[in-house]
Amino acid sequence: AQLAPEPGPLKGRHILVTSGPTREPIDPVRYIANHSSGKQGHAIAAAAAAAGARVTLVSGPVRLDDPDGVDVVHIETAREMLAACEAALPADAAVFAAAVADWRVARDAGQKIKKTGDGPPALALVENPDILATISRSISRPPLVIGFAAETEHVLDHAKAKLKRKGCDLIVANDVSPESGVMGGERNRVHLVSAAGVESWPDLSKDEVARRLVARIAAQLGEGA
Ligand code: CTP
Ligand code: CA
């Protein structure tokens, strides 16, 4: 007979994770996106599942397999990501690792935009909803809300400002400047910014960052976060 697996530290918990970029259409053949690989967000979803949680992963387009044992909702745009997150609630904790496109084109052209000979089209942009801030301030706010701050300079200052502005409990801040190799790479060097202060972790694999973050989530939920 097979032994039942040890109940994990997140058994009975529901964890929501966002991951990857979003893709905002300009016309039927073009879009706005970013370099997010989804590796860190997917690793967090996988680690939470390995810790026994029920996991909903809302992911933009990435070149990664769906993690085992995770409910994956595939979306493209920021507005679809927000709707999928809201539909996934309630959750015990939410981790917003996605690199959401800040802007979308005000009006989807409907048909392919053609060169006219009069120069390039002016693309009017509008701001996308802030998914983290929206859910962090919603009536169905998970007890533990974790955001990311991908910065290319002044990492800690920007992260502290985001912690306040978005109303979350923890910001995982990292340097994503091209020299860091974080975007698309396998490693990450993060700083945990909370009301309690800043905790800097060493350079780790994204899988190890995910495991440590999941251990932190389990500890905080255990304390009745
Ligand atoms: N985020 C989000 N929805 C958005 C933009 C960001 O949920 N429309 C989340 C990200 O998933 C991340 C956190 O907010 O957890 C910070 O994202 P970031 O892009 O660093 O912050 P912004 O507020 O967009 O500020 P800026 O890009 O100007 O630094
Ligand atoms: Ca942004």
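You'll find the structure just up there.
Everything numeric in this text was worked out from a predicted model, so none of it was measured.

This part takes up unusual backbone geometry. The omega torsion of the bond from Leu-89 to Pro-90 falls at 10°, within 30 degrees of zero and hence cis. With phi around 45°, His-154 is a residue other than glycine that occupies positive phi space. Residue class for His-154 comes out exposed when judged on its relative accessible area of 51%.

Okay, the sheet that holds strand E1 (residues 14-19) next. The strand order across the open sheet formed by eight strands is E5-E4-E1-E6-E9-E10-E12-E13, and the pairing between neighbours is mixed. Unpaired on one side and paired on the other, strand E5 (71-74) and strand E13 (197-200) mark the two borders of the sheet. Looking at each pair of strands side by side, their axes are set apart by 15° on average, direction ignored. Here strand E10 (residues 170-175) runs beside strand E12 (residues 190-194); their pairing, made up of four bridges, is antiparallel. Residue pairing across strands places Ile-171 opposite Val-193, the latter belonging to E12. Across the face of the sheet, helix H5 (residues 206-222) comes into contact with E1, strand E6 (93-96), strand E9 (144-151), E10, E12 and E13 while running at roughly 150° to E9.

Four donors placed tetrahedrally around a metal ideally meet at 109.5 degrees, and six donors placed octahedrally ideally meet at 90 or 180 degrees. Looking at the metal site, the calcium ion (ligand 2) is ligated by Asp-102 (OD) and Asp-102 (OD), spaced 2.5 Å from it. With respect to the secondary-structure elements, Asp-102 resides in the loop between E6 and strand E7 (103-105).

Analysis parameters
Residue positions are counted from 1 within each chain, in the order its sequence is given. Each chain is given a letter, starting from A, and each ligand a number, starting from 1, according to the order in which they appear as written. The predicted origin of the model limits local features to residues at a pLDDT of at least 70 and limits the giving and counting of side-chain atom pairs to 80 or more, whereas totals for whole chains, interfaces and linings rest on all residues. Derived side-chain values reflect all non-hydrogen atoms in the structure, with water molecules and hydrogen atoms excluded from consideration. Note on classification: 1.4 Å probe, protein chains only; a residue is buried when its accessible area is under 20% of the maximum for its type, exposed when over 50%, partly exposed between these limits. Strand pairing follows a simple DSSP-based rule, namely that at least 2 bridges must link the two strands. Put simply, DSSP H or I for four residues or longer makes a helix, DSSP E for two residues or longer makes a strand, and each gets a number counted from the N terminus. Helix axes use the C-alpha atoms of the stretch in contact, all axes being lines fitted to C-alpha atoms, and the angles between their N-to-C directions lie in the range 0 to 180 degrees. Note on contacts: a residue pair qualifies if any of its non-hydrogen atoms lie within 4.5 Å across the two residues. Coordinating donors are taken to be N, O and S atoms lying within 2.8 Å of the metal, or within 3.2 Å when the metal is Na, K or Ca; because water is excluded from the atom set, some sites may appear incomplete.

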